[in-house]
Amino acid sequence: MNLPLSRSVVDQAAHRRGESLPALAADPATRVVLLRSGRVATSADGARLDLWEPARLAALGPTEDAGAGPLEGAALWLFLGAYESATYLAAVLPDPENAGDTADAAGEGDPDAAVPGLASCTWSALREVGHVLGDRDADLATTAVALSEWHRHTTRCPRCGAPTRVELGGWVRRCSVDGGEEYPRTDAAVIMAVTDDADRILLAHGAQWAKRRFSTLAGFVEPGESLETAVRREVAEEVGVRVAEVAYVASQPWPFPASLMVGFRAHATTTQITLDAHEVTDARWFTREELRRAVVDGAVTLPMPTSIARALIEGWFGGPVPVPAVR
């Protein structure tokens, strides 16, 4: 199964992470992925990344010594890897509200004021455009978002609380007191297309979702569990259905902020639904015709095309589910 965020074509080139970021930024072949507030800079239609030449971002760094992080008004620079003849970096720009706090009356410290053209960028959420980006761009954007989210949540040492320093192109943070290293973390989560003897699929509505949104069940793997055990536990906990056979399908990163979604097909041995009520407020069995009709009529909204949930549903359905009727 070819998943939108699993198209790994960029060489992460781990052996190059110790190279000087300013030197890489001085190379005219280098290109930069821009990020701000968890979004990536794209073309207006979201179909490609808006990649910049580093020289256009000279006012925002990078510097040789990142210290505890970027200087006020500068960007956090990350090494993403290489593809064909180019090296790719990411520049994580200060959030607009934070930049506003540090900028002076003349605009000093405001990236939009310091860099021509930055204010007119289109900022797109990866989960909304990941499926329309090309292979290279989807790979670059997924890595950039995952790394930037990790840095946003890992500014201090988990052992002593001291500030951590950015090293190895953003792939390590080192405690400024005890020297301990922290590496990017990934949380394993299972997501499953549950079907019964009649080949109906089980879809549920999460308590925090928009009305009419239905998707496959999912949940995080708990300590001491295998992936298969997590599938069975989550289904039983959320909807009271028992599952026997569990078969792996595919996986893809989901960096919101740091998950690896591992997809399965699971066969139910019971069909009676008993809702969890806290996490799941509705769950139903659908035949293909029932799901098609519900989606076309607007009674059910499916997960976004970038998600593995959509791929699991359409894998069971046999292809794309028809879009809702225009009203």
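This text goes with the structure placed above it.
Residues numbered from 1 in each chain as written. Predicted model: local features only at pLDDT ≥ 70, side-chain atom pairs only at ≥ 80, totals over all residues. Heavy atoms only, no water.

1. Observations concerning the nonpolar core
And step 1. Residues Val 33, Leu 34, Leu 57 and Leu 291 are the most contacted members of the largest nonpolar core, which totals 69 residues.
And step 2. Apart from residues lying up to four places away in sequence, Leu 291 is in contact with Leu 203, Phe 286, Val 300, Leu 302, Ile 313 and Trp 316.
And step 3. Grouped together as the second largest cluster of nonpolar side chains are 20 residues, Val 190, Val 194, Val 231 and Val 241 included. (Core = buried A, V, L, I, M, F, W, Y, C linked by side-chain atoms within 4.5 Å. Buried < 20%, exposed > 50% of the residue type's maximum accessible area, 1.4 Å probe, protein only. Contact = heavy atoms within 4.5 Å.)

2. What about the environment of Pro 28?
And step 1. Inspection of the secondary structure puts Pro 28 in the loop between α1 (21–26) and β1 (31–36).
And step 2. Judged by relative accessible area, Pro 28 falls into the exposed class, the value being 68%.
And step 3. Sequence spacing of Pro 28 and Leu 140 is 112 residues, and the spatial spacing of their C-alpha atoms is 19 Å. (Helix = DSSP H or I, 4+ residues; strand = E, 2+ residues; numbered from the N terminus.)

3. Some points on helix α6 (residues 227–239)
And step 1. Taking 1.5 Å of rise per residue, 13 residues should cover 18 Å, and α6 covers 18 Å from first to last C-alpha, within 8% of that figure.
And step 2. Along α6, the positions that sit buried rather than exposed are Ala 230, Val 231, Arg 233, Glu 234, Val 235, Glu 238 and Val 239.
And step 3. In this structure, the buried residues of α6 make contact with β9 (187–195), β10 (201–206), β11 (217–220), β12 (243–254), β13 (259–268) and β14 (280–286).
And step 4. Within two residues after α6, Gly 240 carries a phi angle of roughly 75°, on the positive side. (Expected span 1.5 Å × (residues − 1).)

4. Quick look at the side chain of Ser 148
And step 1. With respect to the helices and strands, the residue Ser 148 is situated in helix α5 (residues 135–153).
And step 2. Here Ser 148 falls in the buried class, since its relative accessible area comes to 8%.
And step 3. Among all residues touching Ser 148, those that are not within four sequence positions of it are Leu 35, Leu 78 and Val 92.

5. Section: unusual backbone geometry
And step 1. For the bond from Gly 61 to Pro 62, the omega torsion is 5°, close enough to zero to count as cis.
And step 2. By secondary structure assignment, the location of Pro 62 is in the loop between β2 (39–42) and β3 (76–83).
And step 3. That bond from Phe 256 to Pro 257 is cis: its omega, 10°, falls within 30 degrees of zero.
And step 4. Take Pro 257: it is sitting in the loop between β12 and β13.
And step 5. Notably, Ser 37 is not glycine yet its phi reads approximately 55°, a positive angle.
And step 6. You can see Ser 37 is positioned in the loop between β1 and β2.
And step 7. Positive phi, normally seen in glycine, also occurs at Glu 84, with a value near 55°.
And step 8. Along the chain, the position of Glu 84 falls in the loop between β3 and β4 (86–93).
And step 9. Residue class for Glu 84 comes out exposed when judged on its relative accessible area of 71%.

6. Notes on the sheet that holds strand β7 (residues 172–175)
And step 1. Taking strand neighbours across the sheet as the criterion, the three strands line up as β6-β7-β8 in an open arrangement whose pairing is antiparallel. Both outer strands of the open sheet, β6 (164–167) and β8 (181–182), are each paired with one neighbouring strand and no more.
And step 2. Pairing of β7 with β8 involves two bridges; the strand directions are antiparallel. Paired with Arg 173 across the bridge in β8 is Glu 182. (Pairing = 2+ DSSP bridges.)

7. Comments concerning the sheet that holds β2
And step 1. Pairing in this open sheet of five strands is mixed, and the strands run β3-β4-β1-β2-β5 from one edge to the other. Edge positions in the sheet fall to β3 and β5 (122–124), since each of these pairs with one other strand and no more. Recorded for the sheet is a direction-independent mean angle of 35° between the axes of neighbouring strands.
And step 2. Sheet topology note: the β3/β4 ladder contains seven bridges and is antiparallel. Bridge pairing in β4 places Trp 77 opposite Ala 91.
And step 3. Of the strands in this sheet, β1, β2, β3 and β4 touch α5, which is tilted by about 150° from β3. (Axes fitted to C-alpha atoms, helices over the stretch in contact; angles between N-to-C directions.)

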